[in-house]
There are 2 protein chains.
Amino acid sequence: MAKQKVSPVSVDGAGFLTHVAYDSVVFGFSEGQLKILLMEYHNTGLIALPGGFIRTDEDLDEAVRLGLEDRTGITNIYLEQFHTFGNKSRHKPEILQKILEANGIHAPKEHWMLQRFISVAYYALVDISTVSLQPDALSDSCTWYEINRLPKLILDHATVIEKALKTLRFNLDNKIKDSNLLPEKFTMKDLQKVYEAILGEELRRTSFQRKMLAGRILKRHDKLYSGEAHKAPFIYSFHK
Amino acid sequence: MAKQKVSPVSVDGAGFLTHVAYDSVVFGFSEGQLKILLMEYHNTGLIALPGGFIRTDEDLDEAVRLGLEDRTGITNIYLEQFHTFGNKSRHKPEILQKILEANGIHAPKEHWMLQRFISVAYYALVDISTVSLQPDALSDSCTWYEINRLPKLILDHATVIEKALKTLRFNLDNKIKDSNLLPEKFTMKDLQKVYEAILGEELRRTSFQRKMLAGRILKRHDKLYSGEAHKAPFIYSFHK
C-alpha cells in the first residue's frame, strides 16, 4: 500500500512535520562497482537523492522506508540513519519551487515546502541484482550511477553522499557482515571485490586475506568439489 | 551573548523551526566516574537532558552549542551529533504543558511547543574540573549525575542516553584521543581509568597496556625523573 508522499497539500503543511525532510543514500553493488540510486525530476533536469517528508502520524524510520518504496519501488531494505543536515545555507526555496512548478503546482511563497528544512539522512547497502526500480509520478527516472561518475546534484546532496560514504567505510567489516551484498556462502575473492568497490582502491590479496581471517568474522567451509579440488577456493560465510 | 532559547513566543512558532528540537548528552569524567549533566525544571520535579529549539536563522550545530551555553553555562565544547529520534510515540504534550505552566506560560493546545517534535541528539565528552555550571532561568538546577545512578527522566531521555553511551563506547580509542579528558601527557594508569569509567568495567592492566600500544595511537616519552627512576611510570601523549 503505497502512500503518495509528495502531493499538492495545503499551504500550511497540515498533516506533515513541517521543517523536516529525509534523504536516502542507497548504495548498490554490481559488476565490481559501487553505485548510488538517484532520481531525475520531470522537465527540470534536476537530479537528487530519493527523499521526502514525514506525516504527523508516522514514525520517522517508517516514513523513510515507505517513502523510498514509493519513489523507487524498492521494498524491504534496511536503512540506517547516519546524520541530520541542518545548516541554514541548505535552504534554497527556488529548487523546490522549480520542481513543484514542473508538476503543475503553483505554490505561494509561504507554502511549507518552500520553508527551511533539516534533513535526516539514511543509507542502505543492497545487491543491485535483487532490486527492481519503479520511479514515482514526480520523476522521469530512477537510476543507478557509478560512484565515480555522479552528475551534478541539487542542494547539498553531494555532501550527503560524501558523508554516507565516509560512514560506510568506517567499521566496514560489520556493515558488510550485516548487509545482503553477498550470498550466504562466498569465496575470499568475492569478498575482496566488495571491499575494493566500497573503498575505491585495489587491495593486496594476501594482506586482505590475512586481515579478514584475523578479524574472526568468517567461518570457513569445505572446498566446493570441482574435479580439481586443489584449485578450488575455500568457501566462507559470516559468523552469526 | 546568551540568547534566550525558550521564551513565551508566538503560538505558531514564528522564528523557530517548528517540529524540530535538540537534546545534548554531556558526559563528564571526574574521580574515576562517568557522569551526565541533567537539569531540573522549576516546580515540576521533571528532570531532563539540556535541550532546546532551533531559530530559523541559526545552523543546527550552532543552535545546539549556544543552547547548551545558555542552559548550563558551559562554553566552547565540541558536540558531536549522533542520532535523530523521530518516533511518534515520543510526543507527550502534557510534559511540555507542565513545564510551561510552571513558568507562568498558559499555552493553548495548538501552541507549537505542544506539537510533535523530532529531536536531534548530540553528545560531548568533557573533563568536569574544567567546566563551571550556571543553570538558566527555567531550571532549578543543572547537576552531574553518576551514570549508574540516574534519576527518572522525561520523555525518551533515558533511551537517548543509552544510545549516546553505545555510540561513545564504539570506536572509543579515537574518541578519547580527540577529547580533552586527559592532559597532554599522561600515564598508562590515567588512560586506563578513563576507559574503565566509560566502559563501566575493570580492565586487566597488562592486556589493556598491550592493546593500547598495539593501536599505535600513543607516543611514549621519557620517564619523569623522580629520584627513583626505576619506579617512575612512562609518560605518553596521543599521536596528532
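The paragraphs below set out a description of the structure included in this document. None of the values given here were measured: they were computed from a predicted structure. (Residues numbered from 1 in each chain as written. Chains lettered and ligands numbered in written order. Predicted model: local features only at pLDDT ≥ 70, side-chain atom pairs only at ≥ 80, totals over all residues. Heavy atoms only, no water.)

### Looking at the overall build of chain A
And then number 1: For chain A, the count of helices and strands is six helices and nine strands.
And then number 2: Within chain A, residue pairs in contact and separated by at least 24 positions form 71% of the contacts whose partners lie at least 6 positions apart.
And then number 3: For chain A, the computed accessible surface area is about 12,300 Å², with 49% contributed by carbon and sulfur atoms.
And then number 4: Each charge class in chain A can be summarised by its mean position, and for the 32 positive and 30 negative side chains these summaries are 9 Å apart. (Helix = DSSP H or I, 4+ residues; strand = E, 2+ residues; numbered from the N terminus. Contact = heavy atoms within 4.5 Å. Areas by Shrake-Rupley, 256 points an atom, 1.4 Å probe, with all protein chains shown as cover. Lys, Arg positive; Asp, Glu negative; His and termini not counted. Charge placed at Lys NZ, Arg CZ, Asp CG, Glu CD.)

### Focus on unusual backbone geometry
And then number 1: One non-glycine residue, His19(A), lies in positive phi territory at about 70°.
And then number 2: Overall, His19(A) belongs to the buried group, its relative accessible area being 12%.
And then number 3: Even without being a glycine, Leu155(B) presents a positive backbone phi close to 45°.
And then number 4: With respect to the secondary-structure elements, Leu155(B) resides in the loop between β7 (139-146) and α3 (157-169). (Buried < 20%, exposed > 50% of the residue type's maximum accessible area, 1.4 Å probe, protein only.)

### Here we look at the environment of Leu96(A)
All names here are of chain A.
And then number 1: With respect to the element layout, Leu96 can be found in helix α2 (residues 93-102).
And then number 2: When the C-alpha positions of Leu96 and Lys175 are compared, they lie 34 Å apart, and in sequence the two are 79 residues distant.
And then number 3: Filtering out sequence-adjacent residues up to four positions away, Leu96 remains in contact with Met113 and Leu114.

### Section: the pattern of salt bridges
Residues and elements named next belong to chain A.
And then number 1: Summed over the entire model, instances satisfying the criterion amount to four salt bridges over all chains.
And then number 2: Across the salt bridge formed by Asp156 and Arg90, the nearest N and O atoms sit 2.7 Å from each other. Within this pair, whereas Asp156 is found in the loop between β7 (139-146) and α3 (157-169), its partner Arg90 is found in the loop between β5 (80-85) and α2, the two being separated by 66 residues in sequence.
And then number 3: Given the relative accessible area of 15%, Asp156 is considered buried.
And then number 4: The buried category is assigned to Arg90, whose relative accessible area is 10%.
And then number 5: Between Arg149 and Glu146 there is a salt bridge; the shortest N-O distance is 3.8 Å. (Salt bridge = Lys/Arg side-chain N within 4 Å of Asp/Glu carboxyl O.)

### Here we look at the interface of chain A and chain B
And then number 1: Across the boundary between the two partners, chain A contributes 25 residues, which contact 25 residues of chain B.
And then number 2: Both sides together, the interface formed by chain A and chain B hides about 2,000 Å², and carbon and sulfur atoms give 52% of it.
And then number 3: The interface formed by chain A and chain B contains zero salt bridges.
And then number 4: On the surface where chain A and chain B come into contact, there are 20 residue pairs in polar contact (both at pLDDT 80 or more).
And then number 5: Elements that contribute at least two residues to the side of chain A that touches chain B include exactly β1 (16-30), β4 (51-55), α1 (60-72), β5 and β6 (118-127) of chain A.
And then number 6: Looking at the side of chain A that touches chain B element by element, the count peaks at five residues for β1(A). (Buried area = accessible area lost by both parts, 1.4 Å probe. Polar contact = N/O pair within 3.5 Å; in protein donor to acceptor, adjacent residues only side chain to side chain.)

### Regarding the packing of helix α5 (residues 188-199) of chain A against helix α6 (residues 205-214) of chain A
Residues and elements named next belong to chain A.
And then number 1: Contact pair α5 / α6: the axes reach a minimum separation of 11 Å and the direction vectors enclose 100°. Taken together, α5 and α6 sit at an angle that is classed as roughly perpendicular. In this structure, α5 contributes Met188, Leu191, Gln192 and Tyr195 to the contact, and α6 contributes Arg205, Phe208, Gln209, Met212 and Leu213.
And then number 2: A per-class count over the contact of α5 with α6 returns six nonpolar, two polar and one charged. (Axes fitted to C-alpha atoms, helices over the stretch in contact; angles between N-to-C directions. Parallel < 35°, antiparallel > 145°, perpendicular 65-115°, else oblique. Nonpolar A, V, L, I, M, F, W, Y, C, P; charged D, E, K, R; others polar.)

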